[in-house]
Structures are given as structure tokens and as C-alpha cells.
Amino acid sequence: MEEWPFHDGNIHNLLDGRQFDIRQNCRDVDHSLQMHSSVIRRFALEEELEGHQGCVNAIAWNSSGTLLISGSDDARINIWGYSGRKLLHSIETGHSANIFCTKFIPETSDELVVSGAGDAEVRLFNLSRLNGRGLHDGATAPSALYQCHTRRVKKLAVEVGNPNVVWSASEDGTLRQHDFREGTSCPPAGSSQQECRNVLLDLRCGAKRSLADPPKQTLALKSCDISSTRPHLLLVGGNDAFARLYDRRMLPPLTSCRKRMSPPTCVNYFCPMHLSDRGRSSLHLTHVTFSPNGEEVLLSYSGEHVYLMDINHASGSVMQYTSGDVSELMTFTPVPNRQEHQPSVSSFFQNGLRKRSNTAARVEKCRMLVEIAKRSLEERTNIFHAIEACNEVLDGNNGDIDPSLRHECLCTRAALLLQRKWKNDAHMAVRDCHDARRIDNSSFRAHYCMAEALEQLGKHKEALNFAVAAQCFSPFDTMAAEKVENLKKQLAVAEAEKNNKASDGSPKSEPRAGRVLSLSDILYRTEGNSDASQDGPRSDREDSDYDEELELDFETSISGDEGHDVESNMLHGSLNLRIHRRGDAIRETGPNGSCGSPSLSSQNKKSAYQHEAVIDMKQRYIGHCNVGTDIKQASFLGQRGEYVASGSDDGRWFIWEKRTGRLIKMLLGDGAVVNCVQCHPFDCFVATSGIDSTIKLWCPTAAVPSMVAGGSTGPETSDVLEAMESNQRKLCRNREAILPFELLERLRMHEFSEGSLHPFECAQS
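As annotated in an unreviewed UniProt entry, the chain carries the name Protein ALTERED SEED GERMINATION 2 and comes from Gossypium hirsutum.

Below, the structure written as C-alpha cells:
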């Protein structure tokens, strides 16, 4: 399969053009040069930083890029110098569980650092107090200690230019605001004001099963971020499918946790449409982040992919949807032909010169890419690269192509996706067919591919409607006639089975009180049953009442130092499970009694619930696997954020072109799992960490550009497609993952005996 250039062009041309274009801002050129496809394809491992004794769960740069901070299962914070690659400070924090997050506090000359951990504590340290101390001189007393959370602290956020406040997101369902000027610790036990009044977001009744359902559960927060360009914007993600954007200026005053509150109104919800109505309690976010310019957000899902969304939907370029739109997308209705948006004037003029020749060249390239994709479809070869060719046409050059070419490319990509059958490919094919029908509502290909996609999703009745329409548009096509007959037979079989069950008089499912679930039933609910995915509709159990879902808590113990086998990618240890009804968690009592006020109880009635509008995806990034951990990051690379990176459960980390989703680089970064990927603020340099106790540093030193490790020998030269297909199998069959995340999501409370640390936590949390 021949390749085509990336959108940023040739780096030599960029450098040569810098001296001639005096109107171009040199700073913009520097931003372009920091991360460029030419140098990303030369990334290779430069060095490993040794200094931790456990999994490294958090890494972050200071604002100037001179220091790197890391937090680990060994309960230590390490500070590294960028220039010398040396360990400068090692802080024994006093945390009694794994550190999940750590940050430099802005505008403090990099003297203040903060950490959050599995012991539910947030600790602040002053590095100036470490002068003269050795690297291992014992525990360091924190400058401030906050113990107001009741469950694990998974993420911290700081505000650019603000040296006084840090925000902490916890699995207890609250996001708290800690102001160093108001107190250096929580009120002591027994005092009259023991309850901290620092709750900015109370989401203990904020999780949603699906878009149409009201919030009921505790939203166990996994991640949060504050926009660097508009610091009043706050983004959070937790154990449901919806990321939430809040404006801090519109939130109610800080409160305590004595009374559970209704979730505050958010500015925007973000969720890919095909994930918004699954009803899967296991689907949740592991990381959310703003783009460098603050105009986009990146979401990483457990058991899913990475998705990009636009924040500003007022311009009309962003797709918003409601719960009704989800079903309408798959329902056959006549649609009017859409008037295609014409290229703007700026696409024809640049620096005052007309660019007709460039536009013509781009259109010709698009036609060539579509022909390549169609040839791959016919030959059933190079499906992955053919889909990327279509992505290039539709996402990289959309303003230059006419409606007929766009329609042809949409139908071709839909057919390719249905051949590949990776996770959610059928949903992506539905989108393409819908867009193709809007261009040509009498298109045979669009209707036929829509029928195939819906059939793969187990929606046979809807598929039949589209197949009949396709047959009407092409009466003599034998494929359409066969599709109609096959779908009719499948519906007849399903109807017969339904009638047989009704005639037998057997109930649809056993009463709960008499139903016994084996442990394997709980652990190994496959993706097909819990996902309403390509295997068919959801099981009866998935349709059960949300409040009655089972929930499990667990404790772990590990023998050995790391507790995992690198070769098998499995973790060894023991689990002690405590099984209870999920509804019991809602009925947990605190100072205020049960969850919710009378107003919230009335809100829970579906008839009174107002469905929110949600912002849909504009790009997805696939190839990696995010199942085994819920601290896995997805990050923007470069000051312009033109590239996206994520770790993976196979020990690799991936880099994609943001605009098209095209895979640029795949590198082996860990013996088991890569969790953290952090780009240097200014240099072409990336730090990664994961299950290993080391931090890997990457820069463009490889002699040969490639999709793997610069053509060097070793495991990194393994076939890229084979690695991605293996990851897709893990995503679709949770039995093959380290542990089924259907279980892991329910393992909320990870309790430790005092002073004990378990490496298992970092791999399974």
C-alpha cells in the first residue's frame, strides 16, 4: 500500500519558508517544529529514569519544562532534572496507599508540589525544606494535609497563574477545592467544624446509566482538567459515559458533604452518540483533558477508544444530539438531499494569491485515494490502510471535494468498516451511511451498507427497512434481494422463538430472590452481552433495573515485588470479594441520611426528567487497548496539539494525527502496561510510565523514520496491524484482558492494611 504525505508537509520546506515569509510569526514556526510528523516518526527511547520501587502512576512537567515530577506505588514523589536526567529529590510522602496523581503548583518557583493517593488524602510539600537532606532521609512532613475525601483521589488539577488552589477529584463523587490560604489541613477530629466546606462539585447522585436516564448513582470521578486558556472551565469524567463541562463562575458556593445535593447544571455533556445509550455500568472514562488552545477535549474510555470533541457548538460546526436522535439515526425515514457546504474563500486565497492549482492537486489526490480504497475493498486486502485513505479524504480534505466524491468515499469507508469489524466499526458505518443518504437519498450503496451495518448490530427490523429501500432503488440487484430474504428469515425465527416462550408460559427471567449467579457469571459477562454490540441486543440482565445491579468490593494481596508476569501480561495475587446490591450503595447513610433530597427524588421520575443535549465526537483514535487500568491517559502532543497519544495494555504507546486519526507511530514503552504519556512543554520530547518502576524518555533520535522504532531490531518491529488486531480482540472479549473491567469497575473500595502497599493496585485501578 503506497503512502501519502502528512498534512504538516515536509519539515525542510517549513524551515526554508521561514526566512522568506516575514509575516509569519516565528513563535508559530517554533510551535510547528516542536512536533512534526517527520520527527515523530523518528522517536526512539533515549533513556530510562530509575528511582521508584513500584508502578509509576503519574508524571507531569513544570511550566518551564526544566523539571519532571512522578508519583508511584512506593508512596514516593520524585523530582527529576530535565537537562541532566538526574533525580534531584525523592520525597517519602507518608501516603499509606498508591499515589495516583501529582502536580507542581504554578507560580511558586516550583517549590510547592501536591499529591493525591489511594488513601483518600491530598498532601502538599515544600521542596525548599528538602535542601541539605539526602535522597532517602526518611518521611517528609507535608506543608498541608487534606483528609476530607472518603475514597481514592484519582486526579488533581491546577490553574495557570494561581499559586493558592488545587482541585482534587475522588471516587467518592466529589471534586474539592483546597485553598492554601484558608488552612493547611482539615479540621481536627472532634472539632465543632470538622466537616470541610470545600466541595465544589457534589456528584454523589450524578452518574447516568444512559442519556435518557436521570442521574442516580455516585459518579466516581476518575479525571478532571482546567482549561489553560479559560480557567473558569472545568472538565470532569467518571464511571459513566459522559464527560461534563462546568463553568466555575456558575457553580453554587462551596459546601460540605453533610447533605447530598442534586448535581449542578453543566455547560456541556460530551459523549460519542453510539456510547450514549448502551446502559453499560462498566463503560467509563479514564482520562479527560483540554487541548492546548482550549477549543477541544479528548476523552479516553475504558474498554473503548479515544475520542475528540469540539467545545464550542454555537458556531454550528459541532453536532449536538439528544436521546431521540440516537434511535432516529438507525430508523429509515426519507431524508432530503443536503446542499453541500462550499469551500470558503480562504481555501482559494492564501497570502493574496489564488491557489487553484493547489486545490486541483488536492482534489486529484483525493480521487486517487478513493480509487485505492475501492480497490482494497474489492480485493479484501489492506483494509486498515484503505480506511485511513478514506479518513484522509473525508477529514483532511473535506472542503476541497465535491458532493459526489464525498458520497462515494463515505459509502466505500462504510463498506470497509463492515469488512474489518473492529469494535464500533458498525456504528461508524451507520454514521457514514447516514451522511451519504443526506447527499443522495436514492443511493443504493448507502441504503445497502446501512442494512448490513444494522444487521451486524443485531437490529434486524431496522435493517430490513433499509434493505427493502435498497431493493427499490435497484430492483434487479441480486444482493439486495438476498439481503431482504435473509433478514425476513431472521425476523421470523426470532418471532417464533418469542411465541414458543410465550406458549410455554415460562417467565422471561427468574425472580431475583431465587436466582443464583456463579462467580464466572459476574466476572465474565462478555462484551456481546453487555454492550448491545455487533453480537446482538442486550441481555435480560443488562435490561434490569439500574439500582439492582451487583457491585463488588475487593482486597488484594501480592507475593513478590511486582506481582505480574511480563511474558503472559497477567497479574498474580488473591482477591477477597464482597458482593452486595448496587442499590445498597445509594442507600449509604451519612450525616444527612439517604441519598438525595425530595427534589432529587422527584427528579428521578423519568416523566419529569429533562433530557440533556450532548456533543458528539468528531474523531476517534483506535489501535490501543484500555481495559486493565483506569488511570490510562490520552494526551495532546505539542503546543498546537496537532497529535494525540495514548498508552496501551500491551505495553505500547500510540501516536495519531489529530485531524484524520491516522496512526503515525507505535512504540514499546513498558513490560506490561503504559498508563501515562506527557509531552514536554516546548521540546520534541515525551515521557511515559506505567507498570514498570522506570520512566521512559523519548526523542527523535532514530536513524530511519517508521511507524515503529525507527527500523531497529527487537520487539518494537513487530507487525503493526497484528498488534492492533490483538488489542481489538482484548477490547471485544474481556476474558482475554488482564481482568474483566466489568468486574473492575465494581471493585470500588480497595482497602489496605495500614502501611501495606500492593503493586496490584496500579495495574488494576
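Next, the rest of the story.
K.L.:
Help me understand the packing of helix H9 (residues 444-456) against helix H11 (residues 478-504), please; the structure alone is not making it clear to me.
P.N.:
For any two helices packed against each other, one specifies the crossing angle of their axes together with the interaxial distance. It is at 11 Å that the axes of H9 and H11 come closest, and there the two elements cross at 30°. The angle between H9 and H11 falls in the class roughly parallel. As H9 packs across H11, the resulting crossing turns out to be left-handed. Note on element contacts: H11 touches H9 through Met479, Ala480, Lys483, Leu487 and Gln490, opposite Phe444, Tyr448, Glu452 and Glu455.

K.L.:
How should I be thinking about the confidence of the model for the chain in this particular structure?
P.N.:
In low-pLDDT segments, the atomic positions of the prediction should not be examined closely. For the chain, the mean per-residue pLDDT works out to 79, and 71% of the residues sit at or above 70. Note that pLDDT drops below 50 for residues 509-609; the model gives that stretch 222 contacts with residues more than four away or on any other chain. Across residues 735-764, confidence stays below pLDDT 50; counting only partners more than four residues off in sequence or on other chains, it has 120 contacts.

K.L.:
Help me out: how do you make sense of unusual backbone geometry in this one?
P.N.:
In terms of backbone geometry, most residues other than glycine have negative phi values and most peptide bonds are trans. We note that Ser109 has phi near 55°; this positive angle belongs to a residue other than glycine. With relative accessibility at 67%, the residue Ser109 sits in the exposed group. We note that Asp110 has phi near 60°; this positive angle belongs to a residue other than glycine. Inspection of the secondary structure puts Asp110 in the loop between strand E6 (99-104) and strand E7 (112-117).

K.L.:
Quick question: what am I supposed to make of the pairing of strand E35 (residues 686-690) here?
P.N.:
Of all five residues in E35, five are buried, a share of seventy percent or more. By the alternation rule, side chains of E35 split into Val686, Thr688 and Gly690 and Ala687 and Ser689, which are all buried. The pairing of strand E34 (residues 674-679) with E35 spans five bridges and is antiparallel. Paired with Val677 across the bridge in E35 is Thr688. Note that E35 and strand E36 (residues 694-699) share three bridges and pair antiparallel.

K.L.:
I would appreciate a short explanation of the pattern of salt bridges in the present structure.
P.N.:
For side chains of opposite charge, pairing can occur when their charged atoms come near one another. This model, assessed by the stated rule, comprises 32 salt bridges. Arg620 serves as the salt-bridge partner of Asp425, at 2.5 Å between the closest nitrogen and oxygen. One end of the pair, Asp425, is in helix H8 (residues 425-439); the other, Arg620, is in strand E29 (residues 619-621), with 195 residues separating them in the sequence. Here Arg620 falls in the buried class, since its relative accessible area comes to 8%.

K.L.:
How do you make sense of the nonpolar core when you look at a structure like this?
P.N.:
Most often, soluble globular proteins have nonpolar side chains that are buried together. Counting residues in each nonpolar core, the largest one holds 91 residues, and the members touching the most others are Leu175, Val236, Phe270, Leu299 and Tyr301. The leading source of residues in this core is helix H7 (residues 403-420), at nine residues.

K.L.:
Mind showing me how you'd approach the packing of aromatic side chains here?
P.N.:
In this description, an aromatic ring pair is defined by two values, namely the gap between the centres and the angle between the planes. Enumeration according to the criterion identifies 12 aromatic pairs in this entry. Seen in terms of ring centroids, Trp61 and Phe685 are 6.1 Å apart; in terms of plane orientation they differ by 70°. Their pairing is edge-to-face. With Trp61 in strand E2 (residues 56-61) and Phe685 in the loop between E34 and E35, this pair connects stretches of sequence that are 624 residues apart. Phe685 shares its class with Trp61; the two are buried. Feature note: the residues Phe43, Trp653 and Trp698 constitute an aromatic cluster, connected by ring pairs. If you follow Lys208 out to its NZ or CZ, it ends over the ring of Tyr269, 5.9 Å from the centre. Above the face of the Trp422 ring, Arg420 is positioned so that its terminal group lies 4.2 Å from the ring centre.

K.L.:
Whenever I open this one, helix H6 (residues 383-396) confuses me. Can you help?
P.N.:
In an α-helix, one turn spans 3.6 residues; hence positions three or four apart end up facing the same way. Given a rise of 1.5 Å per residue, 14 residues ought to cover 20 Å, and the 19 Å separating the end C-alpha atoms of H6 matches this to within 8%. Burial analysis of H6 places 12 of its 14 residues in the buried class, which makes it a mostly covered element. Burial in H6 covers these residues: Ile383, Phe384, Ala386, Ile387, Glu388, Ala389, Cys390, Asn391, Glu392, Val393, Leu394 and Gly396.

K.L.:
Explanation requested: the sheet that holds strand E15 (residues 233-238) in the structure shown.
P.N.:
By way of backbone hydrogen bonds, the strands of a sheet pair with one another, either parallel or antiparallel. One open sheet accounts for six strands, arranged E14-E15-E16-E17-E28-E21; its pairing is mixed. Across the chains shown, the open sheet's two edge strands, defined by having one partner strand only, are strand E14 (221-226) and strand E21 (320-321). Summarising the sheet, E15 and strand E16 (residues 243-247) pair through four bridges and their orientation is antiparallel. Within E16, the residue paired with Leu234 across the bridge is Tyr246.

K.L.:
Please explain the sheet that holds strand E13 (residues 199-202) as it appears in this structure.
P.N.:
The strand order E10-E11-E12-E13 describes an open sheet built from four strands, whose pairing is antiparallel. Each edge of the open sheet is held by one strand with a lone partner, namely strand E10 (153-157) and E13. Averaged over all pairs of adjacent strands, the angle between their axes in this sheet comes to 20°, without regard to strand direction. Two strands pair when backbone bridges link them, and strand E12 (residues 174-179) and E13 are joined in this way by three bridges, in the antiparallel orientation. Paired with Leu175 across the bridge in E13 is Leu201.

Thresholds applied
Residues numbered from 1 in each chain as written. Predicted model: local features only at pLDDT ≥ 70, side-chain atom pairs only at ≥ 80, totals over all residues. Heavy atoms only, no water. Axes fitted to C-alpha atoms, helices over the stretch in contact; angles between N-to-C directions. Helix = DSSP H or I, 4+ residues; strand = E, 2+ residues; numbered from the N terminus. Parallel < 35°, antiparallel > 145°, perpendicular 65-115°, else oblique. Left-handed = near helix turned anticlockwise from the far one by under 90°. Contact = heavy atoms within 4.5 Å. pLDDT = per-residue confidence, 0-100. Buried < 20%, exposed > 50% of the residue type's maximum accessible area, 1.4 Å probe, protein only. Pairing = 2+ DSSP bridges. Salt bridge = Lys/Arg side-chain N within 4 Å of Asp/Glu carboxyl O. Core = buried A, V, L, I, M, F, W, Y, C linked by side-chain atoms within 4.5 Å. Phe/Tyr/Trp six-rings, centres within 6.5 Å; stacked < 30°, edge-to-face > 60°. Lys NZ or Arg CZ within 6 Å of the ring centre and 35° of its normal. Expected span 1.5 Å × (residues − 1).

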